[in-house]
Amino acid sequence: MRSVRGRERRAPSTGSRLSHGELAIELGACLAEARAGANLPTALQGLADRTGLQSLARFVDGIVVAVERGTPLAEVLRAQAQDVRETGRRAVMEEGGRKEIAMMVPVVFLVLPVTVLFAIFPGVAFLRLAV
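Residues numbered from 1 in each chain as written. Predicted model: local features only at pLDDT ≥ 70, side-chain atom pairs only at ≥ 80, totals over all residues. Heavy atoms only, no water.

Participant: Sorry if this is basic, but what is going on with the overall build of the protein chain here?
Facilitator: Looking only at helices and strands, the protein chain has five helices and zero strands in total. Reading the secondary structure of the protein chain in the N-to-C direction produces α-α-α-α-α. The buried share among the 131 residues of the protein chain stands at 18%. Roughly 10,000 Å² of accessible area belongs to the protein chain as shown, and the carbon and sulfur atoms make up 66% of that amount. (Helix = DSSP H or I, 4+ residues; strand = E, 2+ residues; numbered from the N terminus. Buried < 20%, exposed > 50% of the residue type's maximum accessible area, 1.4 Å probe, protein only. Areas by Shrake-Rupley, 256 points an atom, 1.4 Å probe, with all protein chains shown as cover.)

Set out below in structure tokens:
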């Protein structure tokens, strides 16, 4: 049976090998720190500090707490995935609210005046004929 520490060290290795981009490079640097002798929580904190991403910092904090307390990583990852989904959903709703207000401008200033004009014009025309 393999140790949990071995799995903790293999996961970043797999992620950095299979991915490309800046985050993969940072993950590779984190892995290099861990292989050089730094413990995994310290290397992950360094990753969060170097990137400066708030979502990555929350992810690293969750992983560090799970590793230090010995809680199952699967539960921590599920909770973090749910938090990310909620954050994304909230951002979409906020953006939708802003777009809704932006879409009201043409309706109020273009469509509504034309509709009122079509509603009032027959009455005004009838009154002119009656006079």
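After that view, the rundown keeps rolling.
Participant: Would you take a moment to explain the pattern of salt bridges for this structure?
Facilitator: One side chain can pair with another of opposite charge once the charged atoms of both are near each other. For the coordinates displayed, the defined rule picks out five salt bridges. Notably, a salt bridge pairs Glu 95 with Arg 98, separated by 2.9 Å at the nearest N-O pair. Separated by three residues within a single helix, Glu 95 and Arg 98 lie in helix α5 (residues 73–130), roughly one turn from each other. Taken together, the shared-partner salt bridges in this structure form one network comprising Glu 26, Glu 33 and Arg 50. (Salt bridge = Lys/Arg side-chain N within 4 Å of Asp/Glu carboxyl O.)

Participant: When you look at helix α4 (residues 54–69) in this model, what are you seeing that I'm missing?
Facilitator: Every α-helix carries 3.6 residues per turn, so stepping three or four residues along brings you back to the same face. Counted at 1.5 Å a residue, the expected span for α4 with its 16 residues is 22 Å, and the 22 Å between its end C-alpha atoms agrees. All buried positions along α4 are accounted for by Leu 56, Val 60, Gly 62, Ile 63, Val 64, Ala 66 and Val 67. Positive backbone phi, at 80°, marks Gly 70, one or two positions downstream of α4. (Expected span 1.5 Å × (residues − 1).)

Participant: Whenever I open this one, the side chain of Gln 80 confuses me. Can you help?
Facilitator: One can find Gln 80 in helix α5. For Gln 80, the side chain forms a polar contact with the main-chain oxygen of Arg 58, separated by 3.3 Å. With sequence-adjacent residues up to four places away left out, Gln 80 is seen in contact with Arg 58, Phe 59, Gly 62 and Ile 63. (Polar contact = N/O pair within 3.5 Å; in protein donor to acceptor, adjacent residues only side chain to side chain. Contact = heavy atoms within 4.5 Å.)

Participant: It is not clear to me how α5 should be interpreted in this structure. Could you clarify?
Facilitator: The end-to-end C-alpha distance of α5 is 83 Å, a good match for the 86 Å that 58 residues give at a rise of 1.5 Å each. Val 107 marks the point of greatest bend in α5, at about 35°. (Bend = angle between axes of the 7 residues up to and from the residue.)

Participant: Could you clarify how one ought to interpret the packing of helix α3 (residues 40–51) against α4 in this entry?
Facilitator: Geometrically, a packed helix pair is captured by the angle between its two axes and the distance between the axes. Interaxial distance between α3 and α4 falls to 9 Å at its minimum, and their mutual angle equals 170°. Considered as vectors, α3 and α4 are oriented roughly antiparallel to each other. The segment α3 lies against α4, with Pro 41, Leu 44, Gln 45, Leu 47, Ala 48 and Thr 51 engaging Leu 56, Ala 57, Val 60, Asp 61, Ile 63, Val 64, Val 67 and Glu 68. Taken together, the residues of the contact of α3 with α4 break down into 10 nonpolar, two polar and two charged. (Axes fitted to C-alpha atoms, helices over the stretch in contact; angles between N-to-C directions. Parallel < 35°, antiparallel > 145°, perpendicular 65-115°, else oblique. Nonpolar A, V, L, I, M, F, W, Y, C, P; charged D, E, K, R; others polar.)

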